[in-house]
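Okay, here's what each chain looks like letter by letter:
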Amino acid sequence: MSDIRQGSSGRITFTLNDASGSPIPASAIQTLTLALYVTVSGTVINSRDDQDVKGVNGGALVDGGGTIDLVAADNIMESPTATVEAHTALLKFTTANEAGSGELSFNVTRVRE
């Protein structure tokens, strides 16, 4: 994911592979959650703290991965003065046989007024 402008929408695209590296079928995913936070402070953004994104809250699954649509409120800036702020999206999933997680970091850039 490239940088995103403050207050803009965006999309996270992800892959889900099992321990052997094979794509996980969407039907095998039991849970999929998202935590979205400011990287430096750990402040949760837009109440997305282990939020269910398995087909809801902007999440969509396909075999081997999916997408999560971010809304403007997901891309706010905590700092009143920074021009760029690092954010982290933490995805966690479970299947009947395993659990996994992955992080994606991206920058939110301030919109000049």
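Heads up: these notes are all about the structure in this document. Note that the structure is a prediction, hence the values are computed from the model and not measured. (Residues numbered from 1 in each chain as written. Predicted model: local features only at pLDDT ≥ 70, side-chain atom pairs only at ≥ 80, totals over all residues. Heavy atoms only, no water.)

### Some remarks on the environment of alanine 72
- On the secondary structure map, alanine 72 appears in the loop between β6 (65-70) and β7 (84-94).
- Accessibility expressed as a relative area gives 36% for alanine 72, which makes it partly exposed.
- Separated by 26 residues in the primary sequence, alanine 72 and asparagine 46 place their C-alpha atoms 9.6 Å from one another.
- Excluding residues within four positions of it along the chain, alanine 72 makes contact with Gly7, Ser8 and Ser9. (Helix = DSSP H or I, 4+ residues; strand = E, 2+ residues; numbered from the N terminus. Buried < 20%, exposed > 50% of the residue type's maximum accessible area, 1.4 Å probe, protein only. Contact = heavy atoms within 4.5 Å.)

### Some remarks on the pairing of strand β8 (residues 99-109)
- Where strand β1 (residues 4-5) meets β8, two bridges bridge the pair, whose relative direction is parallel. Following the sheet pairing, arginine 5 is matched in β8 by threonine 109.
- Hairpin connection from β7 to β8: four residues lie between these consecutive antiparallel strands. (Pairing = 2+ DSSP bridges.)

### Section: the side chain of aspartate 74
- Mapped onto the secondary structure, aspartate 74 falls in the loop between β6 and β7.
- Among the residues examined, aspartate 74 registers a relative accessible area of 0% and is labelled buried.
- Within the structure, aspartate 74 has its side chain in polar contact with the side chain of arginine 48 (distance 2.9 Å).
- With near-sequence residues (within four places) excluded, aspartate 74 lies in contact with Leu36, Ile45, Asn46, Arg48, Asp69 and His87. (Polar contact = N/O pair within 3.5 Å; in protein donor to acceptor, adjacent residues only side chain to side chain.)

### A word on the pattern of salt bridges
- For the structure on display, the rule yields three salt bridges.
- One salt bridge in this structure joins aspartate 69 and arginine 11, with 2.6 Å as the shortest N-O distance. Here the residue aspartate 69 occupies a position in strand β6, and arginine 11 occupies one in strand β2 (residues 10-15), the gap between them amounting to 58 residues.
- Overall, the relative accessible area of 29% leaves aspartate 69 in the partly exposed class.
- For lysine 92, the salt bridge identified is with aspartate 50, shortest N-O distance 3.7 Å. Of this pair, lysine 92 sits in strand β7 while aspartate 50 sits in the loop between β3 (31-38) and β4 (51-52); the two residues are 42 residues apart in sequence, bridging distant segments of the chain.
- The partly exposed category is assigned to lysine 92, whose relative accessible area is 36%. (Salt bridge = Lys/Arg side-chain N within 4 Å of Asp/Glu carboxyl O.)

### Structural notes on the environment of glycine 42
- Residue placement: glycine 42 occurs in the loop between β3 and β4.
- The class of glycine 42 is partly exposed, set by a relative accessible area of 40%.
- Through-space distance from the C-alpha of glycine 42 to that of proline 80 is 16 Å; in sequence the pair is 38 residues apart.

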